[in-house]
Amino acid sequence: MATSTTLASEPTVYTGTASSFKNTQLLTFTTEQYLPALRHAAFTSTPFLRYMNFKAFGKAATLGDLTRYGNIRKTSGKGIRFNDGGYQFSGAVSFTTATGSNVGRMAQITPQFMSPGKTWAYSWVRYVLPIGIPEEAVMDNKNGGRLISLLTSHLEIAQKSAIRDMNYMMLGHSSAPSSSPNGLNYLVSVTQAGNDIGGIEPDVDTGWANQYSACTSVGGGGELDRPLALLRKMQAFNVYMGSFEEATDDVVWACTTGAYQYYLRAAYADGVANSGLRAGQQDLYDAGIDAVAFNGKPVIYDGAIQVPYGATASTEAMYRLALSDLGASIKSDQYFAVEGWKAPEPKDGQRFYQANIWLRWTPFVGGSRRIQGVLYNIPANPDTITASA
């Protein structure tokens, strides 16, 4: 009868007794070589960031060779942007308008003073993945005594952590690392007061406020249980948002999973109006992004999307976003930059081989915050699966 065995590792407290442990493999490439894969994985392994990656770099980068596309920094400017230098990036917003007039041949023209407006600005946060391996583990894990390898294992754990943390920070998830910048649920919110975005308070300067509308009923019943109330609200909100001249470019509906499932019901029963679930979204499917269509615009979901700030907890939400002016800003010289591996020095009290992976970035919404919108307080969808059972 076969028996399972466990490997031994150095315990935290050296008692002379080996303990069982779980680990992986050893480093077969340098940390620098690993970074393209980390960069690529962080922006392609979750639905919302994968869509941002698709808009920024294109389908080839979303699917392509990690060592090639993990190093690119030139983007379309949609979803992901790179910045060089400085401690912040900024832009101007004018909250005043001019009044035009029609004049005759000899009429007087009175000039008008225009306020220079205000400046929105964001500074980048420094996200770090510190990796440490006890010196004894590295010393013992070689030659005939080599049981497994350690460094690759730690880098793989770092990659999984980065993927999770990047998605959580971008979407404003409650499990995001402490001191994270405002994510999507604050960039596009319901309550504007007390929500200082980019250094401007939307309740004071109302031109900086985003759009929002409650949808407290989805309807349903009959005709394949189609949630007509939700569909009508989406249509009305879409028409209202489309009245802004700049609000029709690169629109995506980003939904909680429950809201996405509601729309699947609506779109399935309303295939004629929507020209089918996948109308115009073939490039997204080819890039591995699950998406359906609403008036020709993609509808996507992400399990980490939160309801907007000011909405009722345990409800659903649908964000109508223009990625031409919303996304992630990254400092190009600190795009998962690496330090290490560094061996311990004699003066060190705790002797570790250490590597640090740095990223300076922030989610942002730019000068046209008013073109971003959200449908909120959609009743929780009972069909949603939140855990396996």
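Note that the structure is predicted; figures quoted are calculated from it, not measured.

Next up on the list: the overall build of the protein. In terms of regular secondary structure, the protein is built from 11 helices and 15 strands. Within the protein, the fraction of its 389 residues that count as buried is 44%. In the protein, 74% of the contacts between residues at least 6 apart in sequence involve partners at least 24 apart.

Below, the discussion takes up the nonpolar core. Ranked by size, the top nonpolar core spans 61 residues in total, and within it Phe 43, Phe 48, Met 166, Tyr 319, Leu 321 and Phe 336 carry the most contacts. By residue number, the principal contributor to this core is helix α2 (residues 47-57), which donates 7 residues. Ignoring any residue separated from it by four or fewer positions in sequence, one finds Leu 321 in contact with Phe 48, Leu 184, Val 188, Asp 250, Val 251, Val 252, Ala 254, Leu 326, Gln 372 and Gly 373. Core analysis: the next-biggest nonpolar cluster, separate from the first, contains 25 residues, Val 299, Met 318, Ala 322 and Leu 375 among them.

All told, the structure shown has 9 salt bridges when counted by the stated rule. For the salt bridge of Arg 81 with Asp 325, the shortest nitrogen-to-oxygen distance reads 3.5 Å. Taken together, the positions of Arg 81 in strand β3 (residues 79-83) and Asp 325 in the loop between β11 (316-322) and β12 (326-331) put the pair 244 residues apart, joining distant regions of the chain. Assessed through its relative accessible area of 25%, Arg 81 is described here as partly exposed.

Turning to the side chain of Asn 53, a few remarks are in order. By the element assignment, Asn 53 lies in helix α2. Residue classification places Asn 53 among the buried residues on the basis of a relative accessible area of 4%. The residues touching Asn 53, leaving out its near neighbours within four places in the chain, are Phe 43, Thr 44, Gly 58, Ala 61, Thr 62 and Ile 80.

Let's shift gears to the pairing of strand β8 (residues 251-255). Counting buried residues in β8 gives 5 out of 5 residues, a clear majority hidden from the surface. Here β8 shows a buried face lined by Val 251, Trp 253 and Cys 255 and a second buried face lined by Val 252 and Ala 254. Inspection of the sheet shows β8 paired to β11 by 5 bridges, in the antiparallel sense. Of the residues in β11, the one forming a bridge with Val 252 is Leu 321. With 3 bridges connecting them, β8 and strand β10 (residues 297-301) associate as parallel partners. Paired with Trp 253 across the bridge in β10 is Val 299.

Once that is clear, we can look at the pairing of β3. With 4 of 5 residues buried, β3 lies mostly within the body of the structure. Alignment of β3 against β12, held across 5 bridges, turns out to be parallel. Note that in β12 the partner of Arg 81 across the bridge is Ser 329.

Conventions adopted
Note on numbering: residues in each chain are counted from 1, in written sequence order. With the structure being a predicted model, the display of local features is reserved for residues of pLDDT at least 70 and the display and counting of side-chain atom pairs for 80 or more, all residues being used for whole-chain, interface and lining totals. The basis for every side-chain value is the complete set of heavy atoms in the structure, and neither hydrogens nor water enter the calculation. Secondary structure elements follow DSSP: runs of H or I of four or more residues count as helices, runs of E of two or more count as strands, with numbering from the N terminus. Each residue is assigned to one of three classes by its accessible area relative to the maximum for its type, calculated with a 1.4 Å probe on protein chains only: buried under 20%, partly exposed between the two thresholds, exposed over 50%. Whether two residues are in contact is decided by their heavy atoms: any pair within 4.5 Å suffices. Only buried Ala, Val, Leu, Ile, Met, Phe, Trp, Tyr and Cys residues count toward a nonpolar core, and they belong to the same one when joined by side-chain atoms within 4.5 Å. What makes a salt bridge here is a side-chain nitrogen of Lys or Arg within 4 Å of a carboxyl oxygen of Asp or Glu, nothing more. Strand pairing follows a simple DSSP-based rule, namely that at least 2 bridges must link the two strands.

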